[in-house]
Amino acid sequence: MFLKFLKIILHTGVTVLLTVITQIGGLVYLLTLLFIKQNVTHFRLKRTAFFILLYCSATYLIVPPLASYLGREPIKESEVLKAHALFYTLANRNYVTPELNDVLNKSAKDFQQKYPGIELVYLDASFPFIDGFPLLPHLSHNDGKKVDISFIYQDNFGNMTNLKPALSGYGVYEAPTVSEYNQPDVCEKKGYWQYDFTKYASLSTINQELKISEVGTKALSLCILKNPAVSKMFIEPHLKKRMQLYDTKVRFHGCQAVRHDDHIHFQVK
C-alpha cells in the first residue's frame with residue numbers, strides 16, 4: 001500500500017514538472033502510463049521509448065497547426081533569427097502571435113543589414129496554448145505577445161559574435177558599475193529576494209571572455225523599437241542609461257520581476 005502511494009506521488013510529481021516545463025509533457029506522460037502498463041515486459045524501456053516518440057510527434061507535428069488555429073505559432077527561425085538552444089523549441093517555449101513573429105523577423109533582418117552574420121537570438125517566448133497559462137519563472141509570458149532576446153556580445157578583440165556566456169542564455173549579468181544606479185541592490189534591500197534569482201538559471205557559464213557589445217545591443221534594440229507594433233521593452237535601468245535608450249517604450253519592469261541585465265524583454269500590443 002505504501003509503495004503504491006509512493007508511485008502515485010512520483011507520477012504526480014513528474015506530470016506536474018513536465019507540464020510546468022513544456023505545457024504538453026504532463027499529458028504525454030499520462031498517456032504513456034495509460035498505454036504502456038506496468039505488467040508488460042521491459043515496461044520502463046518501452047515507456048521511455050513511447051514517451052519520446054509521442055512527445056516529439058506532438059511537439060513537431062501536432063502542436064504547431066493546432067496552436068496556429070488558436071492564434072499562436074512557433075517563431076519562424078531563419079539564417080538571421082535563431083533559438084539560443086534546442087531546449088526552447090523542444091519544450092514548446094517558442095510560441096508567439098503572428099504579429100510578434102513578424103516583428104522578430106523584421107528586426108532580425110534589419111539588424112543583419114547593419115551587422116552581417118550576427119543573429120537575433122531568442123530565449124523564452126510563450127507556450128502554444130491558453131492565455132494566462134504561466135511560463136515559469138516568468139510573470140507575464142502567458143499570451144504569446146512577449147519574448148526574451150539575448151544581448152549581442154563581443155570577444156576580447158571587440159568583434160561581435162553569436163556566442164553567448166551562459167548555457168541557458170540567462171543568469172550572466174552585465175552588472176552596474178560603481179558610478180551607475182544599482183537597481184538590483186535597491187530591489188533586494190526592499191525584500192524582493194527573487195530579483196537575483198536568474199543567476200541560478202544559467203545552468204553553466206561558458207565563453208567567459210565575452211562582454212556585452214553595447215553598440216550591437218543598442219542597435220538591435222533600436223531595430224525592435226522602431227516597429228510600431230512594439231509596446232514595451234524591459235532592460236535594467238543602468239543599461240538603459242549606459243546605451244542611451246531613451247525611447248519611451250523602454251521601461252523598468254519592477255522589483256516584483258527579475259533582473260534584466262542578462263537579456264532584453266519586449267512585447268507587442
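Structural notes, computed from the coordinates. (Residues numbered from 1 in each chain as written. Predicted model: local features only at pLDDT ≥ 70, side-chain atom pairs only at ≥ 80, totals over all residues. Heavy atoms only, no water.)

## Considerations on the state of the cysteines
- For the structure on display, the rule yields one disulfide.
- Cys 187 shares a disulfide with Cys 255; S-S distance 2.0 Å. Residues Cys 187 and Cys 255 share a disulfide whose torsion about the S-S bond is about -75°; that sign makes it left-handed. Here Cys 187 is found in helix H6 (residues 183-189), whereas its partner Cys 255 is found in the loop between strand S10 (250-251) and strand S11 (264-268), with 68 residues between them in sequence. The two residues Cys 187 and Cys 255 agree in class, both being buried. (Disulfide = S-S within 2.5 Å. Helix = DSSP H or I, 4+ residues; strand = E, 2+ residues; numbered from the N terminus. Buried < 20%, exposed > 50% of the residue type's maximum accessible area, 1.4 Å probe, protein only.)

## Quick look at empty space enclosed by the protein
- Applying the stated criterion to the full structure yields one cavity of 30 Å³ or more.
- In this structure, the largest cavity occupies an estimated 40 Å³ of space.
- The residue makeup of the lining of the largest cavity, split by class, is five nonpolar, three polar and two charged. (1 Å grid on protein atoms, 1.4 Å probe; cavity = no way out; pocket = protein on both sides within 12 Å on 5 of 7 lines; lining within 4 Å. Points joined across faces, edges and corners; volume = space filled by probe spheres on them. Nonpolar A, V, L, I, M, F, W, Y, C, P; charged D, E, K, R; others polar.)

## Some remarks on the nonpolar core
- Within the largest apolar cluster, 37 residues are counted, with the highest numbers of intra-cluster contacts made by Ile 75, Leu 104, Val 147, Ile 149 and Phe 266.
- Of all the elements in the fold, those that place two or more residues in this core are strand S2 (81-83), helix H5 (98-114), strand S4 (120-122), strand S5 (146-149), helix H7 (214-225), strand S9 (230-234) and S11.
- Leave out the neighbours within four places in its chain, and Ile 75 touches Leu 81, Asn 94, Val 96, Asn 101, Leu 104, Tyr 122, Ala 125 and Val 147.
- Core analysis: the second largest hydrophobic core is formed by 12 residues, Ile 24, Tyr 29, Ala 58 and Tyr 95 among them. (Core = buried A, V, L, I, M, F, W, Y, C linked by side-chain atoms within 4.5 Å. Contact = heavy atoms within 4.5 Å.)

## Quick word on the pairing of S11
- Counting buried positions along S11 gives five out of five residues, so the element sits mostly inside the fold.
- Sheet topology places S5 next to S11; four bridges connect them, and they run antiparallel. Across the sheet, residue Val 147 finds its bridge partner in S11, namely Phe 266. (Pairing = 2+ DSSP bridges.)

## Examining the packing of helix H2 (residues 25-35) against helix H3 (residues 43-69)
- Where H2 meets H3, the closest approach of the two axes is 9 Å, and the angle between their N-to-C directions is 135°. By the criterion of interaxial angle, the relationship of H2 to H3 is oblique. In this structure, H2 meets H3 at a crossing whose hand is right-handed. Here Gly 25, Val 28, Tyr 29, Leu 31, Thr 32, Leu 33 and Phe 35 of H2 come into contact with H3, specifically with Arg 47, Phe 50, Phe 51, Leu 54 and Tyr 55. (Axes fitted to C-alpha atoms, helices over the stretch in contact; angles between N-to-C directions. Parallel < 35°, antiparallel > 145°, perpendicular 65-115°, else oblique. Left-handed = near helix turned anticlockwise from the far one by under 90°.)

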